[in-house]
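Residue strings, one per chain:
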Amino acid sequence: DARVTQTPRHKVTEMGQEVTMRCQPILGHNTVFWYRQTMMQGLELLAYFRNRAPLDDSGMPKDRFSAEMPDATLATLKIQPSEPRDSAVYFCASGLVQIYFGPGTRLTVT
Amino acid sequence: TQLLEQSPQFLSIQEGENLTVYCNSSSVFSSLQWYRQEPGEGPVLLVTVVTGGEVKKLKRLTFQFGDARKDSSLHITAAQPGDTGLYLCACRMDSSYKLIFGSGTRLLVRP
């Protein structure tokens, strides 16, 4: 049963620290998304890739966030430096036509 | 302003009741999707509607796409506690792969 995996599942860090979230998309999926979910803003699209190329990262704060796909099996989302307002659940999703979400990384920045 | 407005935001009902939730926009979409999200998990796709006026059924769930392809509804018959969750509608903009989500309806079905 193929699934999107995300690590870590939970992360607590102090303001100013670097945070790296990792995602392994389902093998063969050529589109990968990063979303952020909060109670206030709901599910927001941060960035997405097709065939490992970034197509749109307009939803990401450029000064502190970066998203990459070093290879087809790994997508990363980095925050440096992290701030309390970055606290949220970060989801990775992959797909061809239908997209499948990972379980998310719950980030708490104190 | 959200591209997709969902209503109601919260709904608490008794097991066995019927309910309808709505997803509205001023924009026309090529397709619209409904997802359900349970606590601690990512959203899971329930259905995709493509044609204006289309109706799709998934057991006790009935999905309808508006004739003008600007709105959609999800009707649940005889709700069960297992239907509890966050229901999200989502659309693709233009011909891009970008999937935008609505604000969600949080449903609680009490036994």
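Look up a bit, the structure's there.
Let me sum up the structure you'll find in this document. Because the structure is predicted, anything quoted here is derived from the model rather than measured.

## Considering the environment of Phe65 of chain B
Residues and elements named next belong to chain B.
Thinking step 1. In this fold, Phe65 is placed in strand E7 (residues 61–65).
Thinking step 2. By relative accessible area, which is 0% here, Phe65 ends up buried.
Thinking step 3. Placed 39 residues apart in sequence, Phe65 and Ser26 show a C-alpha to C-alpha distance of 14 Å.
Thinking step 4. Not counting residues up to four positions away in its chain, the partners in contact with Phe65 are Phe29, Ser31, Leu32, Val49, Val50, Thr51, Gly52, Gly53, Glu54, Asp71 and Ser72.

## Overview of the pattern of salt bridges
Residues and elements named next belong to chain A.
Thinking step 1. Tallied over the full model, the rule gives 9 salt bridges over all chains.
Thinking step 2. With a closest N to O distance of 3.4 Å, Glu44 and Arg36 form a salt bridge.
Thinking step 3. Here Arg36 falls in the buried class, since its relative accessible area comes to 12%.
Thinking step 4. Here the salt bridges do not stand alone but share partners, grouping Arg64, Glu83, Arg85 and Asp86 into one network.

## Overview of the sheet that holds strand E3 (residues 19–24) of chain B
Residue and element names in this part refer to chain B.
Thinking step 1. The 5 strands are arranged E1-E3-E8-E7-E6 in an open sheet whose pairing can be described as antiparallel. Of all the strands in the sheet, just strand E1 (5–7) and strand E6 (55–58) have a single pairing partner and so form its edges. The mean angle between the axes of side-by-side strands here comes to 15 degrees, regardless of whether they run parallel or antiparallel.
Thinking step 2. Where E3 lies against strand E8 (residues 71–76), 6 bridges are found, and the strand directions are antiparallel. Counterpart to Cys23 in the pairing with E8 is Ser72.

## Some remarks on the nonpolar core
Thinking step 1. Within the largest apolar cluster, 40 residues are counted, with the highest numbers of intra-cluster contacts made by Tyr35 and Phe101 of chain A together with Trp34, Tyr35 and Phe101 of chain B.
Thinking step 2. Element by element, the count of residues in this core is highest for strand E9 (residues 85–92) of chain B, at 6 residues.
Thinking step 3. Among the nonpolar cores identified, the runner-up in size contains 22 residues, and Val32, Ala47, Phe65 and Leu77 of chain A belong to it.

## Points about the layout of surface pockets
Thinking step 1. Of the voids in this model, the largest pocket is the one considered here, and its volume is about 630 Å³.
Thinking step 2. Lining the largest pocket are 37 residues, and of these Gln37 and Met39 of chain A together with Gln37, Leu86 and Arg106 of chain B lie nearest its centre.
Thinking step 3. Contributions of two or more residues to the lining of the largest pocket are made by strand E4 (31–38), strand E5 (42–50), strand E9 (88–95) and strand E11 (105–109) of chain A together with E9 and strand E11 (105–110) of chain B.
Thinking step 4. The leading source of residues in the lining of the largest pocket is E11 of chain A, at 4 residues.
Thinking step 5. Residues belonging to the lining of the largest pocket are distributed by class as follows: 13 nonpolar, 19 polar and 5 charged.
Thinking step 6. Within this model, the second largest pocket holds a volume of roughly 350 Å³.
Thinking step 7. What lines the second largest pocket is a set of 16 residues, among which Arg3, Phe101 and Gly102 of chain A together with Gly42 and Val44 of chain B lie closest to the centre.
Thinking step 8. Sorting the residues of the lining of the second largest pocket by element identifies strand E10 (99–101) of chain A together with strand E5 (44–49) of chain B as the ones contributing at least two each.
Thinking step 9. Among the elements that line the lining of the second largest pocket, the one with the most residues is E10 of chain A, at 3 residues.
Thinking step 10. Of the residues assigned to the lining of the second largest pocket, the class counts are 10 nonpolar, 4 polar and 2 charged.

Parameters at a glance
Residues numbered from 1 in each chain as written. Chains lettered and ligands numbered in written order. Predicted model: local features only at pLDDT ≥ 70, side-chain atom pairs only at ≥ 80, totals over all residues. Heavy atoms only, no water. Helix = DSSP H or I, 4+ residues; strand = E, 2+ residues; numbered from the N terminus. Buried < 20%, exposed > 50% of the residue type's maximum accessible area, 1.4 Å probe, protein only. Contact = heavy atoms within 4.5 Å. Salt bridge = Lys/Arg side-chain N within 4 Å of Asp/Glu carboxyl O. Pairing = 2+ DSSP bridges. Axes fitted to C-alpha atoms, helices over the stretch in contact; angles between N-to-C directions. Core = buried A, V, L, I, M, F, W, Y, C linked by side-chain atoms within 4.5 Å. 1 Å grid on protein atoms, 1.4 Å probe; cavity = no way out; pocket = protein on both sides within 12 Å on 5 of 7 lines; lining within 4 Å. Points joined across faces, edges and corners; volume = space filled by probe spheres on them. Nonpolar A, V, L, I, M, F, W, Y, C, P; charged D, E, K, R; others polar.

Shape descriptors only; they carry no functional weight alone.
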